[in-house]
Amino acid sequence: MKDVPIGIGATGGRKEFDSMGTVVVPADRYWGAQTQRSLQHFSIGDDRMPKPLYHVYGYVKKAAALVNAKGGRLEQWRAEAIIKAADEVIAGALDAHFPLYVWQTGSGTQSNMNVNEVIANRAIQLLGGALGEQDPIHPNEHVNLGQSSNDSFPTAMHIATVLAIDDEMLPSLDRFATAIEAKANDWMDVVKTGRTHLQDAVPLTVGQEWSGYAAQVRDAMEVVRCSLNGLYRLACGGTAVGTGLNAPEGFSVDIAKSIADLTGKAFVTAPNKFAAQGSLDAMVATIAGVKGLAVALMKIANDMRWAASGPRCGLGELLLPQNEPGSSIMPGKVNPTQCEAMMMVCIQVIGEENAVTLAGGQGNFELNAMRPIIINNALHSIRIIGDMCDRMRTYSIEGAQLNRGRIDASVGQSLMLVTALSPVVGYDNAAHIAELANADGSTLKEAALKSGKVDEKTFDDMVDPRKLAGKGVQGA
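Residues numbered from 1 in each chain as written. Predicted model: local features only at pLDDT ≥ 70, side-chain atom pairs only at ≥ 80, totals over all residues. Heavy atoms only, no water.

1. Side note on the overall build of the protein chain
Per the secondary structure count, the protein chain includes 18 helices and eight strands. The C-alpha radius of gyration of the protein chain comes to 30 Å, more than 25% above the 23 Å expected for a compact globule of 476 residues. Principal-axis analysis of the C-alpha atoms places the extent of the protein chain at approximately 100 × 50 × 35 Å. As displayed, the protein chain offers around 21,300 Å² of accessible surface, 53% of which is attributable to carbon and sulfur atoms. Of the charged side chains in the protein chain, 42 are positive and 51 negative; the average position of the first set lies 1 Å away from that of the second. (Helix = DSSP H or I, 4+ residues; strand = E, 2+ residues; numbered from the N terminus. Rg over C-alpha atoms; globule rule 2.2 N^0.38 Å. Areas by Shrake-Rupley, 256 points an atom, 1.4 Å probe, with all protein chains shown as cover. Lys, Arg positive; Asp, Glu negative; His and termini not counted. Charge placed at Lys NZ, Arg CZ, Asp CG, Glu CD.)

Structure (structure tokens):
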């Protein structure tokens, strides 16, 4: 077959081969023929397969080498070379050798082979051999021993998603919720006007309102945390279609245990490999949980920017840190930029989850062949949610303050305090009092006394904003 020189830089090229023939690859890269073919055939956009997926693929290949060596199917010296190379993959030391695009074969075969080729060539180099010879380490026969792309790729997807959520996103969200809870505690006695339908409602405290934000985040976190149970079940050992062909007996259990030991996570072999490989339901469920987080975070960010609207002609009750100028033409303008960024992140996550859902429903028979888009969207969503929570916590929530003058004035002007009079004068009479105050611009107390339906002492006893805010307010 004719040589295929693709993207060869100043370092020149070397010949690599696969079952289809010879391909020229960059001399300074560890990848082989199948990776190079993918670069030629799928150079679509700028979207590359996420590096964290490759890092955890190192765990899969390391675990396989350990299990195969223990079972006598792989010589110890070969296994040790593969393990050393896999450790470099895990550490990110070989990131430059994983160039493939997201838009590739739906099974992820080319990314699996990218890992196999890089580990094989690096192991060959460690053993003093020549790159491209596939000897004494073969990418398929040794690195991929007992595996298929069809079971190893979803295994890597699950590991990458668990690590991203458990080690990065959830800790960020915990810090975020903790910061909100601190503000809620500080502001528990600050009575404010409640709002429903963006209209005045009965009072509550700022702390009560913010405790709701924290509870939203905590509840959404728990949904995500529970969804990880499905991701702990690994497909490895099912090989091509779930039957385990060419994998030795017990391989699925052994490799899952090895991966669990290496990562410190509760991974186990999937009880049904046909479900594990024919679907990606666990990924769909987890990313649906991440979308739930986005919904909660969008509500919080939107409330904060409404409360901070102004400074003079809006609600103006919340004072956000002034991080940067807000306008190129209006001097002195400062915008709620962290809230806006959060809302955009949430919109992006919701869109990516929709794509994951659609892709998850495209499995055919024994394989879901929409894997790259699912793992790309999943890891991207998890990353930006976690990063955004850290930024908003640091640059918005922790430095937020209250405009007590504006808050207290709004409470004093609220007509919905009349709700407290309903038990005394009845709903209709209370409504008429509010309508009278609104019509002539009088205070609620003036309108109530003018109506003749209530005396001053009764009004003062009943219409106390602190009492109306209920539990959680000292002295209420």
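2. Focus: the packing of helix 3 (residues 76–91) against helix 4 (residues 109–126)
Geometry of a packed helix pair, given as the angle between the helix axes and the separation of the axes. Relative to each other, helix 3 and helix 4 sit at 120°, their axes nearing to 8 Å. With respect to helix 4, the axis of helix 3 lies oblique. Considering the relative orientation of helix 3 and helix 4, their crossing is right-handed. Here A81, I82, K84, A85, A86, E88 and V89 of helix 3 come into contact with helix 4, specifically with I119, R122, A123 and L126. (Axes fitted to C-alpha atoms, helices over the stretch in contact; angles between N-to-C directions. Parallel < 35°, antiparallel > 145°, perpendicular 65-115°, else oblique. Left-handed = near helix turned anticlockwise from the far one by under 90°. Contact = heavy atoms within 4.5 Å.)

3. Thoughts on helix 3
The periodicity of an α-helix, 3.6 residues per turn, causes residues three or four positions apart to be oriented the same way. If you check helix 3, its first and last C-alpha atoms are 22 Å apart, about what 16 residues at 1.5 Å a residue would give, namely 22 Å. Looking only at helix 3, the buried set comprises R78, A79, A81, I82, I83, A85, A86, V89 and I90. If you follow the buried residues of helix 3, they end up packed against helix 2 (51–70), helix 4 and helix 5 (139–143). Just past helix 3, the residue G92 takes up positive phi, approximately 85°. (Expected span 1.5 Å × (residues − 1). Buried < 20%, exposed > 50% of the residue type's maximum accessible area, 1.4 Å probe, protein only.)

4. Let's talk about the side chain of E16
Examined against the element boundaries, E16 turns out to sit in strand 1 (residues 13–18). A polar contact of 2.9 Å, which involves the side chain of E16, links it to the side chain of N121. Contacts of E16, omitting those with residues within four sequence positions, involve G21, T22, V23, V25, W31, G32, A33, N121, L131, G132 and Q134. (Polar contact = N/O pair within 3.5 Å; in protein donor to acceptor, adjacent residues only side chain to side chain.)

5. Some remarks on the pairing of strand 2 (residues 21–26)
The element strand 2 is extensively covered by neighbouring structure, given that five of its six residues are classed as buried. Here strand 1 runs beside strand 2; their pairing, made up of six bridges, is antiparallel. Across the sheet, the residue bridging to F17 is T22, located in strand 2. (Pairing = 2+ DSSP bridges.)

6. Some words on the packing of aromatic side chains
In this structure the tally under the stated criterion is five aromatic pairs. Pairing Y54 with F98 gives two aromatic rings, centres 4.5 Å apart and planes at 10°, and the pair type is stacked. Separated by 44 residues along the polypeptide, Y54 in helix 2 and F98 in the loop between helix 3 and helix 4 bring together distant segments of the chain. The two residues Y54 and F98 agree in class, both being buried. Stacked on the ring of Y101, the Lys or Arg R48 has its end atom at 4.0 Å from the ring centre. (Phe/Tyr/Trp six-rings, centres within 6.5 Å; stacked < 30°, edge-to-face > 60°. Lys NZ or Arg CZ within 6 Å of the ring centre and 35° of its normal.)

7. A word on the pairing of strand 4 (residues 199–205)
On any regular strand, side chains alternate: one points to one face of the sheet, the next to the other face. In terms of strand pairing, strand 3 (residues 191–196) meets strand 4 through five bridges, oriented antiparallel. Counted as the bridge partner of V191 is T205 from strand 4.

8. Comments concerning the nonpolar core
Ranked by size, the top nonpolar core spans 116 residues in total, and within it M169, L173 and W210 carry the most contacts. With 17 residues, the single largest contributor to this core is helix 6 (residues 149–186). With near-sequence residues (within four places) excluded, W210 lies in contact with I180, K183, A184, W187, M304, L318 and I397. (Core = buried A, V, L, I, M, F, W, Y, C linked by side-chain atoms within 4.5 Å.)

9. A word on the pattern of salt bridges
Taken as a whole, this structure holds 25 salt bridges when the rule is applied. Among the ionic pairs, R404 bridges to D408, the shortest N-O distance being 3.9 Å. Here the residue R404 and the residue D408 both occupy positions in helix 13 (residues 404–413), the gap between them amounting to four residues, near one helical turn. It is possible to trace a salt-bridge network through shared partners that takes in R175, D390, R393 and E398. (Salt bridge = Lys/Arg side-chain N within 4 Å of Asp/Glu carboxyl O.)

10. Let's talk about unusual backbone geometry
Cis geometry marks the peptide bond from D135 to P136; its omega dihedral reads 15°. P311 follows G310 through a cis peptide bond whose omega is 10°. Among the secondary structure elements, P311 is positioned in the loop between helix 10 (281–307) and strand 7 (318–319).

11. Notes on the confidence of the model for the protein chain
A residue-level look at the protein chain finds 97% of positions with pLDDT of 70 or above and a mean pLDDT of 96. When the criterion is pLDDT under 50, residues 1–6 qualifies, and its contacts beyond four places in sequence or with other chains add up to 15 contacts. (pLDDT = per-residue confidence, 0-100.)

12. Details of the state of the cysteines
Counted under the stated rule, the structure contains zero disulfides. Free of any disulfide, C226 has its nearest neighbouring cysteine sulfur in C389, separated by 19 Å. Here C226 falls in the partly exposed class, since its relative accessible area comes to 42%. This cysteine, C313, is not joined by any disulfide, and C339 carries the nearest cysteine sulfur, 19 Å off. (Disulfide = S-S within 2.5 Å.)

13. A closer look at the packing of helix 15 (residues 427–440) against helix 16 (residues 444–451)
Contact pair helix 15 / helix 16: the axes reach a minimum separation of 8 Å and the direction vectors enclose 120°. In terms of their interaxial angle, helix 15 and helix 16 are classed as oblique. The crossing of helix 15 and helix 16 is right-handed. From helix 15, I433, A434, L436, A437 and D440 reach across to helix 16, where they touch L444, A447, A448, K450 and S451.

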